[in-house]
Amino acid sequence: MKVRIKFGKYGELKFIGHLDIMRYFQKMMRRADIDIKYSTGYSPHQIMSFAQPLGLGITSDGEYMDIEVDSTKPSKEMIDLLNTYNVDNIRIYSYRELPDNAKTGMAIIAAADYEVRFRYPEKISFDLKSDWPRFMEREHINVTKTTKSGESEVDLKPLIFDSHVMEDGLFLKLSCGSVVNLKPEVVLGEFYKFMGEELGEFDLLLHRKELYARGDDGELIALEDMGRDIE
Amino acid sequence: MVRKLALPDEILLKVEKPARYIGGEVNAVNKNFDEMDINFCMCFPDVYEIGMSHLGIQILYDMFNKWDKVYCDRVYSPWPDLDKIMRDRDIPLFAVESQRPLKDFDFLGITLQYEMCYTNILQILDLGKIPLYTAERTEDDPVIIGGGPCTYNPEPIADFFDLFYIGEGETQYKNLLDLYKKIKDENPGAWREKFLHAAAQIPGIYVPSLYEVEYYDKAGVEGDNPAPMPELAGTISSFKPKFDFVPATIRKEIVLDMDNTYYPEKPVVPFIRATQDRVVLEIQRGCIRGCRFCQAGMVYRPVRERSLEFLKDKALKLLKNTGHEDITLSSLSSSDYSHLEEIVNYLVENIHGKGINVSLPSLRIDAFSLDVMSKVQDIKKSSVTFAPEAGTQRMRNVINKGLTEEDIIHGADQAFHAGWNRVKLYFMLGQPTETNEDVEGIAILADKIARKYYEIPKAERNGKVQIVASSSFFVPKPFTPFQWARMNSKEEFLEKAKICRRKFGEMLNSKSLKYNWHESDVSVLEGVLARGDRRIAPALVEAYRKGSIFDAWSDYFVFDNWLEAFAKYDITFEYYNERERVFEELLPWDFLDCGVNKRFLQLEWNRAKEARVTANCRQGCSGCGALVFGGGVCFEGKNKVR
Ligand code: SF4
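Residues numbered from 1 in each chain as written. Chains lettered and ligands numbered in written order. Predicted model: local features only at pLDDT ≥ 70, side-chain atom pairs only at ≥ 80, totals over all residues. Heavy atoms only, no water.

I would appreciate a short explanation of the overall build of chain B in the present structure.
Counting its regular elements, chain B contains 20 helices and 19 strands. Here the C-alpha atoms of chain B give a radius of gyration of 25 Å, agreeing with the 26 Å that 2.2 N^0.38 yields for 642 residues. Across its three principal directions, the C-alpha atoms of chain B cover 80 × 70 × 55 Å. Burial analysis of chain B (642 residues in total) assigns 61% to the buried set. Here chain B has roughly 25,000 Å² of accessible surface; of this, 50% comes from carbon and sulfur atoms. Of the charged side chains in chain B, 83 are positive and 95 negative; the average position of the first set lies 4 Å away from that of the second. (Helix = DSSP H or I, 4+ residues; strand = E, 2+ residues; numbered from the N terminus. Rg over C-alpha atoms; globule rule 2.2 N^0.38 Å. Buried < 20%, exposed > 50% of the residue type's maximum accessible area, 1.4 Å probe, protein only. Areas by Shrake-Rupley, 256 points an atom, 1.4 Å probe, with all protein chains shown as cover. Lys, Arg positive; Asp, Glu negative; His and termini not counted. Charge placed at Lys NZ, Arg CZ, Asp CG, Glu CD.)

Please clarify how the sheet that holds strand β13 (residues 326-330) of chain B should be interpreted in this entry.
Strand pairing in a sheet is mediated by backbone hydrogen bonds. Such pairs are either parallel or antiparallel. Residue and element names in this part refer to chain B. Taken in spatial order, the three strands of this open sheet run β10-β13-β14, and their pairing is parallel. Where the open sheet ends on each side, the last strands, each with one partner, are β10 (279-282) and β14 (357-359). Within the sheet, the average angular offset between the axes of one strand and its neighbour, ignoring direction, is 25°. The sheet contact formed by β13 and β14 spans three bridges and is parallel. Its bridge partner lying in β14, Asp326 is registered against Asn357. In this fold helix α9 (residues 308-322) packs onto β10 and β13, with an angle of close to 160° to the strand it touches most, β10. (Pairing = 2+ DSSP bridges. Axes fitted to C-alpha atoms, helices over the stretch in contact; angles between N-to-C directions. Contact = heavy atoms within 4.5 Å.)

Could you clarify how one ought to interpret the sheet that holds strand β15 (residues 384-389) of chain B in this entry?
Residues and elements named next belong to chain B. One open sheet accounts for four strands, arranged β15-β16-β17-β18; its pairing is parallel. Of all strands in the sheet, those with a lone pairing partner are β15 and β18 (513-517), marking the two edges. Going across the sheet, the axis of each strand differs from the next one's by a mean of 20°, ignoring polarity. Relative to strand β17 (residues 466-473), strand β16 (residues 422-429) runs parallel, the two being bridged by eight bridges. Bridging from a neighbouring strand, Met428 pairs with Ser472 of β17.

Where do I start with the domain arrangement of chain A in this structure?
Reports often express the size of an interface as the amount of accessible area lost when the parts come together. Residues and elements named next belong to chain A. Annotation of chain A at the domain level lists domain 1 (2-107) and domain 2 (109-214). Centre-to-centre separation of domain 1 and domain 2, based on C-alpha positions: 28 Å. Summed over both sides, the interface between domain 1 and domain 2 buries roughly 1,100 Å², with carbon and sulfur atoms accounting for 41% of that surface. Ranking the residues of domain 1 by area buried against domain 2 places Gln52, Ile58 and Asp61 at the top, with a combined share of 42%. Our count for the domain 1 to domain 2 interface comes out at three salt bridges. Between Glu210 and Lys6 there is a salt bridge, with the nearest N and O atoms lying 2.8 Å from each other. Counting only elements with at least two residues in the side of domain 1 that touches domain 2, the list comes to β3 (59-68) and α3 (105-108). If you tally residues by element for the side of domain 1 that touches domain 2, the top one is β3, at six residues. (Domains from an automatic or database assignment. Buried area = accessible area lost by both parts, 1.4 Å probe. Salt bridge = Lys/Arg side-chain N within 4 Å of Asp/Glu carboxyl O.)

Whenever I open this one, the pattern of salt bridges confuses me. Can you help?
In this structure the tally under the stated criterion is 84 salt bridges over all chains. Close ionic contact of Arg285(B) with Glu282(B) constitutes a salt bridge, the shortest N to O distance being 2.9 Å. In this pair, the class of Arg285(B) matches that of Glu282(B), namely buried. Sharing partners across several salt bridges, the network here consists of Lys6(A), Arg96(A), Glu210(A), Glu224(A), Asp225(A) and Asp229(A).

See the structure below:
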C-alpha cells in the first residue's frame, strides 16, 4: 500500500540537511516498528521518497514523503505512533493512503508556498506594503542566469504563481519541482535589487508552508489531498 | 519548541555540519539544569562524529542521567572552522544539550582515548574559559577529571587535571559525586581544596596536585642525591604523596559482574552519520592473549565476559530504541569470547535481514567465521583480515602473537576456496629486536599468501588476488612488557618502510600486492606523550599556543610546532623514545596499579628478548597479578592458578 506522510520541521532541525533527514526517518520507521516495505537485493532499503528537499536553514509545515507499507493501522493511530518516536521538532500531520497507481510526490510536484520574514526587521529600509506591489506589477521580472552553456535570461514573473504581503513578511507561491524550481531567496534577491539594495546571506527567515501538484484541470492540489485517510 | 542555542544562525549556517553543535538528538537527555545537585559535562576531545561513536561515553552518560538530581551533558571539540569563529568573537564553549557554557558545570569529565588528542584538551579548556592548569583554578571553576586508557600514564597532562579516574567508571563515580555535593554544601566558597583532598581517598581517584615529583639532573651524579647508576641520569628520583592521607599507589577500578551493571538501552542517535553508526554490543572486557606490545591487553585484565542472555536481550532493545540498521560486536579479541558462535548465530538468524545488517568484528579466520561472513557480507566486495603484526615467526614469538604462518596461510586458503580474493594484513614495524630479515619477512609472507591463491586451478579462481599489507610504527606503551623498550627514530622507521617496500617490489606476485605505511612524525610524537612525564606539560601548551589542535588529523598536524616546542623545553626524542630503560628506573606511571604487576612485565620483557612465547590465560595462567581483583578468567574452572 502506498502512503503519503506530511510532516513539519522546526527549530534547530533546520540545521539538519536533507540526506540526514532521510537517515533520520529510516531509523524512526524502525523505532516505531512501521511495517514498511523493503527493496529486494543484497542490501535492502526502505521504499521511501521525499517530495522536495528542504534547504538548510529553512523550517516547514508542509514536507512530504511517500512510503510503501505491507500493513497499517488507521491514519489517526499511525500519526500518534509516529509522533511518539519523533524528536519534538519533527511533527507528523497526515498519513494517507494513495491509489496504487499514484506517482510519487517527487515526480509530480509543481508549486510550493513560502512565508518570508526578515531576520533583522529594524534594518529594512523598504515598505513592503507599497514596494512589493510595485515590484510585482511589472510585466516581466527578467534575471540573467549563468549556466554551464553561458548566460541566459529567465523571466521570474510567470513562476511566481501568487504573492501577498503579510503582517510581518511576505507570502509566496512559487513554481517548484525538478523542471523549474524557483527559490524564494532568488525572488527576494531580485526584489532587493529592485529596491537598490543587496540581499545579505542571512537576511531572510524562510518557512515552507505547503507543496502542490497539478490536478487534471491544471489546478494546484496540496499533496496530502491526493490521498485519503485510513479509517 | 524553540531551544535557545549558544550560536546564532549566521554561524551555524556558515560552519561545516552545524548538527555537531545543537544537541537534541534522539534519546538525548534533557533535565532542568538549575534544579540539579550536580551538572556533569562529558567531553570527548575530538570531533563530534568520533566522540558520538564511543561506547564508554554512552555508558557513563546513561549512568549519570539515571541518577536523581544529576545531569550529564556532552561537549566535543569544535572543528577548526568553528574554533576560529569562537576565538574571533570570544564565544565561550558550551555543552550541546543544555547549550550552557562549560564554566557553569560542576564537573568536566574528559575521556582520554589517544595521546594525539592532548592539544584538544587544552582547546576545550581554553575555549571554555577554564584555566589550563589545576593550580590556577578557583572556587568558580568546574572540577576537571580525566578517564580512559591514557590515564595509565597521565603524567604528561597531570598539571591540567584536578583528578583522574583510574579504571572503569561504573564503580566509584557515585561516591565521588556524593562526596562533592557534601563538601560543597558544607563549605560553599571554599570547597575545592577540601574536595580534592577527600577525593584522593576514594579508590581509583588520583589527584595529581597532591604528589611531588623529583628528578636526577642530567649528569646524574651531582646534587645531594646522586643517581645510583649513570643510566638514571635525568630520570625520576622520587614520586611521593605530599600528605600522609594520600595513597602512594592507586589501583584501577574494575567491574566484576558484567551482567548487573550499567549498559545503555537508549543510546543517543546522532542526526549526522557518526563514525560508528550502529548498535555496539560489548561482549567482554579484557583480552586473554598477552601480546607484548598491547596496552589494552594488559590494563584491562582480567577478561570478564557478558552472558549470552544479557547480550541477546540488549541486542533487541538497542535496535528497537535506536532504529539503527546495523549491529556489531565489540571487544579486544572477539574470537576468544566463549559464546561467540551462539551470539553470532543468534544475530544472523534472528536479526539479520529485513533492513538490519550484522557487521562482524574481525574474527580469527576459520570455517566458522568464513561461514557466517558469507551469510552477512558480499564475498565479492569484502576482504578477509589478518593481523600477524610481524613478518617472521621469530618476531611473532618476540611479541607473543600466537598466530603462526600456517594459521594465516591455511585461513587464507579456506577463504580463497570459499570465494574471497581480497586479503588485508596488518603489521607493525620497529618492534624490539627487529632485523632487516623480519622487515622483509612482511613482503615474503604477503607473497606466500598470493602464491597459495594461484595454486587454485584457474577455472575455480575468482580473478586476481589482491593483498593489501599495512604497517604502522611501533610505539612502546606503559604497562606493557615493552615499556622499557627503545623506540625507533623517525629515520629508522622510514628506512624500514623503504626496505619493506623494496622487498615487496621483488616478490613474484608483486602486481597483486600493495604495501602502505603510516606517518612516522605522529608516531615519534605519540612515543614521547605515551611515556612522558610531567616535564612535557609546558611543551604541550607551547605547541597548542602555536596553533596545534586536532593532531590526530593529518590535515591539521603540524610537526614543526612540536619540534619547536620540544626544543624550547629541552624535550628530546633521544631521552623519551630512543633509549632502553633499565629496570631500576622509576617510571612516571609506577605509582599506578593495574593488577598486572611489574615482576610479570619484567619477566615478559626478558622472555621477549629470548623470543619465548607465553601461554594465554586459558591455556594456563602465568600469574600476571590481575588475579587480585577476584574475578574474570582467572577464576574460570579450568584455569588453575600456579
Ligand atoms: S592472573 Fe592469570 S588468568 Fe588472570 S589475567 Fe593474569 S595470567 Fe590471566
